[in-house]
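Remarks on the overall topology
Residue strings, one per chain:
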Amino acid sequence: MKLGCVTLDSGNAEEHADFYQKLLGWTIRFTNTDEGLKFVGIVNEATGMTLLFQEDNDYVPPVWPTKPGQQQQMAHLDFHTDDLEKDVNHAISCGAKLAETQYSDKWRVMIDPAGHPFCIEKLS
């Protein structure tokens, strides 16, 4: 058995996939709207790693940092970099926001356009 992809829920699968495609430079692999479900997949051609974005009309973005009684995050993505400031600025130019709460000088918590937190960590 092997991991096929990581799927993130979204209110708009195409916009969500477009953000990560710009952020990572990956290729849009497919868009699927079978049976009223909408999925968009992007792939890293070199590794085969795929991110899948599933559209959910009832999607509610997670609150970060977490708060009791609010929608909780189920997972988040971590990205590694040699140049934290450059890649944070790149993420912002693609549509991310810097989270108001930060916990370390070694990484930045970002919020993608669908409200999912993700981290960019400087490798030492």
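For the structure, see preceding data.
Notes on the structure in this doc start here.

1. Some remarks on the layout of surface pockets
- The space that makes up the largest pocket amounts to roughly 280 Å³.
- What lines the largest pocket is a set of 17 residues, among which Asp9, Tyr59, Gln71, Met74 and His116 lie closest to the centre.
- Of the residues forming the lining of the largest pocket, the biggest block, four residues, is contributed by strand E1 (residues 6-10).

2. Notes on unusual backbone geometry
- Residues Trp64 and Pro65 are joined by a peptide bond in cis, for which omega reads -5°.
- Along the chain, Pro65 turns up in the loop between strand E4 (50-55) and strand E5 (77-81).

3. Section: the packing of aromatic side chains
- Considering all chains together, one arrives at seven aromatic pairs under this definition.
- Seen in terms of ring centroids, Phe79 and Phe118 are 5.8 Å apart; in terms of plane orientation they differ by 80°. Their pairing is edge-to-face. On the criterion of sequence distance, the pair formed by Phe79 in strand E5 and Phe118 in strand E8 (residues 117-122) is long-range, its members being 39 residues apart. As far as the burial class goes, Phe79 and Phe118 line up, both buried.
- Cluster of aromatic residues (ring-pair linked, three or more members): Phe19, Tyr20, Phe53, Phe79 and Phe118.

What counts, and at which threshold
Residues numbered from 1 in each chain as written. Predicted model: local features only at pLDDT ≥ 70, side-chain atom pairs only at ≥ 80, totals over all residues. Heavy atoms only, no water. 1 Å grid on protein atoms, 1.4 Å probe; cavity = no way out; pocket = protein on both sides within 12 Å on 5 of 7 lines; lining within 4 Å. Points joined across faces, edges and corners; volume = space filled by probe spheres on them. Helix = DSSP H or I, 4+ residues; strand = E, 2+ residues; numbered from the N terminus. Phe/Tyr/Trp six-rings, centres within 6.5 Å; stacked < 30°, edge-to-face > 60°. Buried < 20%, exposed > 50% of the residue type's maximum accessible area, 1.4 Å probe, protein only.

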